[in-house]
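Coordinate analysis (summary)
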Amino acid sequence: MIHEPPIDELVQKMGSKYALCVIASKRARQIIEQSQSAVATEPLKEKPLSMAAKEIQDGKLIISND
C-alpha cells in the first residue's frame, strides 16, 4: 500500500482513481522492465509502484491520449 504521497493528492492530479491506477501501474511496469534489462546489478531501493506515485506527485509523468 502506498502511504506517501497521499492517494487523495494523486487522485486530484490525475482526475480520477481509474486514471491514477492505470498510469501508475503502466509506469511501474516500465520501471520493472528497465531494472531487469539494465546492466546495473543494484536492486531497486523502492517498490516500483511507490516510485511511480512519486513521479506522478512531482509532475514528471506527462499523460497523453495516444
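Here the structure is shown first, and the text comes after it.
What you are looking at is a predicted structure, and each value in this text was computed from that prediction instead of being measured.

**So, the overall build of the protein chain**
For the protein chain, the helix and strand inventory stands at three helices and zero strands. Moving toward the C terminus, one meets the helices and strands of the protein chain in the order α-α-α. A buried classification covers 24% of the 66 residues belonging to the protein chain. The long-range share in the protein chain, meaning contacts at least 24 apart out of those at least 6 apart in sequence, stands at 59%. Summed over its atoms, the accessible surface of the protein chain is roughly 5300 Å², and 53% of this surface lies on carbon and sulfur atoms.

**Some thoughts on helix α2 (residues 17–37)**
Three- or four-residue spacings in an α-helix give side chains the same orientation, since the helix completes a turn every 3.6 residues. Here α2 is 21 residues long and its end C-alpha atoms lie 30 Å apart, about the 30 Å a rise of 1.5 Å per residue gives. Of the surrounding elements, those touching the buried residues of α2 are α1 (7–14) and α3 (48–57).

**So, the nonpolar core**
One finds L10, V11, M14, L20, A24, A53 and I56 forming the largest nonpolar core, which totals seven residues. Elements that contribute at least two residues to this core include exactly α1, α2 and α3. For this core, the element with the most residues is α1, which contributes three residues.

**Here's the deal with the pattern of salt bridges**
In total, this model carries two salt bridges according to the counting rule given. Across the salt bridge formed by E55 and R27, the nearest N and O atoms sit 2.6 Å from each other. Residue E55 is located in helix α3, and its partner R27 is located in helix α2; the two are separated by 28 residues in the primary sequence. By relative accessible area, E55 is classed as buried at 17%. When its relative accessible area of 15% is taken as the criterion, R27 is described as buried.

**A short note on α3**
Buried within α3 we find P48, S50, A52, A53, E55 and I56. Backbone geometry just downstream of α3 places G59 in the positive-phi region, at approximately 75 degrees.

**Examining the environment of E4**
Structurally, the position occupied by E4 is in the segment before α1. Considering only alpha carbons, one finds E4 and S50, 46 residues apart in sequence, at a separation of 7.8 Å.

**Details of the packing of α2 against α3**
The interhelical angle for the contact between α2 and α3, taken along N-to-C directions, is 120 degrees, at an axis separation of 8 Å. One finds that α2 runs oblique with respect to α3. Considering only the axes of α2 and α3, their crossing is right-handed. Taking contact as the criterion, the partners of L20, I23, A24, S25, R27, A28, I31 and I32 in α2 are, on α3, P48, L49, M51, A52, E55 and I56.

Conventions we followed
Residues numbered from 1 in each chain as written. Predicted model: local features only at pLDDT ≥ 70, side-chain atom pairs only at ≥ 80, totals over all residues. Heavy atoms only, no water. Helix = DSSP H or I, 4+ residues; strand = E, 2+ residues; numbered from the N terminus. Buried < 20%, exposed > 50% of the residue type's maximum accessible area, 1.4 Å probe, protein only. Contact = heavy atoms within 4.5 Å. Areas by Shrake-Rupley, 256 points an atom, 1.4 Å probe, with all protein chains shown as cover. Expected span 1.5 Å × (residues − 1). Core = buried A, V, L, I, M, F, W, Y, C linked by side-chain atoms within 4.5 Å. Salt bridge = Lys/Arg side-chain N within 4 Å of Asp/Glu carboxyl O. Axes fitted to C-alpha atoms, helices over the stretch in contact; angles between N-to-C directions. Parallel < 35°, antiparallel > 145°, perpendicular 65-115°, else oblique. Left-handed = near helix turned anticlockwise from the far one by under 90°.

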